[in-house]
Amino acid sequence: MKREDYIRWDEYFMGISKLAGMRSKDPNTQVGACIVGPDNNILSMGYNGFPRGCSDDDFPWDRDGDMLSTKYAYVTHSELNAILNYRGGSLQGAKLYVSLFPCNECAKAIIQSGIDTVIYDSDKYNGTPGNIAAKRMFDSAGITYKKYEHTGRVLAIEV
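A short tour of the structure in this document, coming up. (Residues numbered from 1 in each chain as written. Predicted model: local features only at pLDDT ≥ 70, side-chain atom pairs only at ≥ 80, totals over all residues. Heavy atoms only, no water.)

**Comments concerning the pairing of strand 4 (residues 117-122)**
The following threshold applies: The rule is simple: take the accessible area with a 1.4 Å probe, protein chains only, and divide by the maximum for that residue type; under 20% is buried, over 50% is exposed, in between is partly exposed. Here a strand is any run of E in DSSP of at least two residues, a helix any run of H or I of at least four, and the numbering for each starts at the N terminus. By definition, two strands form a pair when at least two bridges between them are found by DSSP. Handedness of a crossover: with both strands directed away from the viewer, a clockwise path from the first strand across the helix to the second marks it as right-handed.
Burial analysis of strand 4 places 5 of its 6 residues in the buried class, the great majority of the element. The pairing of strand 3 (residues 95-100) with strand 4 spans 5 bridges and is classified as parallel. Note that in strand 4 the partner of K95 across the bridge is T117. Note: strand 4 against strand 5 (residues 144-147), 4 bridges, orientation parallel. Following the sheet pairing, V118 is matched in strand 5 by Y145. Crossover connection from strand 4 via helix 4 (residues 129-141) to parallel strand 5: handedness right-handed.

**Some words on the sheet that holds strand 3**
To keep things clear, this is the line we draw: Here an axis means a line fitted to C-alpha atoms, over the contact stretch when the element is a helix, while the angle between two N-to-C directions is reported on a 0 to 180 degree scale. Throughout, a contact is declared for two residues whenever any of their heavy atoms are within 4.5 Å.
Pairing is mixed in the open sheet, where 5 strands are placed in the order 2-1-3-4-5. Single-partner strands in this sheet number two, and they are strand 2 (42-47) and strand 5. Ignoring strand direction, the axes of neighbouring strands in this sheet form an average angle of 15°. Where helix 2 (residues 78-85) meets the sheet, its contacts fall on strand 1 (32-36), strand 2 and strand 3, and the angle it forms with strand 2 comes to roughly 140°.

**Concerning the packing of aromatic side chains**
Where we set the bar: We call Phe, Tyr and Trp rings a pair once their centres come within 6.5 Å, taking the six-membered ring for Trp, and we label the pair stacked below 30 degrees between planes, edge-to-face above 60, and tilted otherwise. Only Lys NZ and Arg CZ are tested; either one counts as a charge over a ring when it is within 6 Å of the ring centre and within 35 degrees of the ring normal.
As enumerated under the stated definition, the model contains 11 aromatic pairs in all. When the centroid spacing of 5.4 Å and the interplanar angle of 10° are considered together, the rings of W9 and F13 count as stacked. Remark: F13 and W9 occur in helix 1 (residues 9-21); sequence separation between them is 4 residues, near one turn of the helix. Classification of F13 by relative accessible area gives buried; the value is 0%. What links up through ring pairs into an aromatic cluster is the set W9, Y12, F13 and Y97. Across the ring face of F101, the terminal group of K135 is positioned such that the distance to the ring centre comes to 5.0 Å.

**Looking at the side chain of S113**
Put simply, the rule reads: The definition of a polar contact used here is a pair of N or O atoms within 3.5 Å, where within protein one atom must be able to donate a hydrogen and the other to accept one, and adjacent residues in sequence count solely through side-chain atom pairs.
For S113, the location among the structural elements is in helix 3 (residues 104-113). Overall, S113 belongs to the buried group, its relative accessible area being 16%. Engagement of the side chain of S113 in a polar contact is seen with the backbone nitrogen of I115, the distance being 3.5 Å. What S113 contacts, discounting residues up to four positions off in sequence, is I83, L91 and Q92.

On their own, these measurements won't tell you what the molecule is for.
Shown next as C-alpha cells:
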C-alpha cells in the first residue's frame, strides 16, 4: 500500500521557495521564489540578494537613509532572480511560488516572462502603492494570484 502522508504539490513548491529564501543574507527580509512548469517540474529558483560580482560586504544592507546608502538601490528580488536564472526558453504558462507578494517592478518581469499564476505566502505590504500597482497590472494582464493555503504541516529536514 502506498504512503498517504506525502506532501501536496503546493506544500512542496512553497517549501522550496522558503528554503531558497534561507540563502538570502538580507538581515531583515529573506524571500525565495520557485518557478514551476505546467507538469509540476521545477524550472528555476531565486532569492533576494546583490547581483553576481557585487560583494555583500561592499554594499549596504540598511533600510533607512538616502537611496545609495540603503539596500534598495542594489538588491535583486527573488522573483527577478528566478526569472533571470532560467535558461530553458519560454516561461509561458508557468507558476511562480514566492514567499512574499511581488513588488510592482517584479510584477512587470513576471508578466513579460509569460508566468500566468503567482502563489504567495505573505502579503505584508498589502495596500502600499507598489503592492496596489502590482495587483492592478496582474489583474489587467490576466495573471492569477492567490494566497498560499497553509496546511499546518511542519516540514523538517536535517542537513
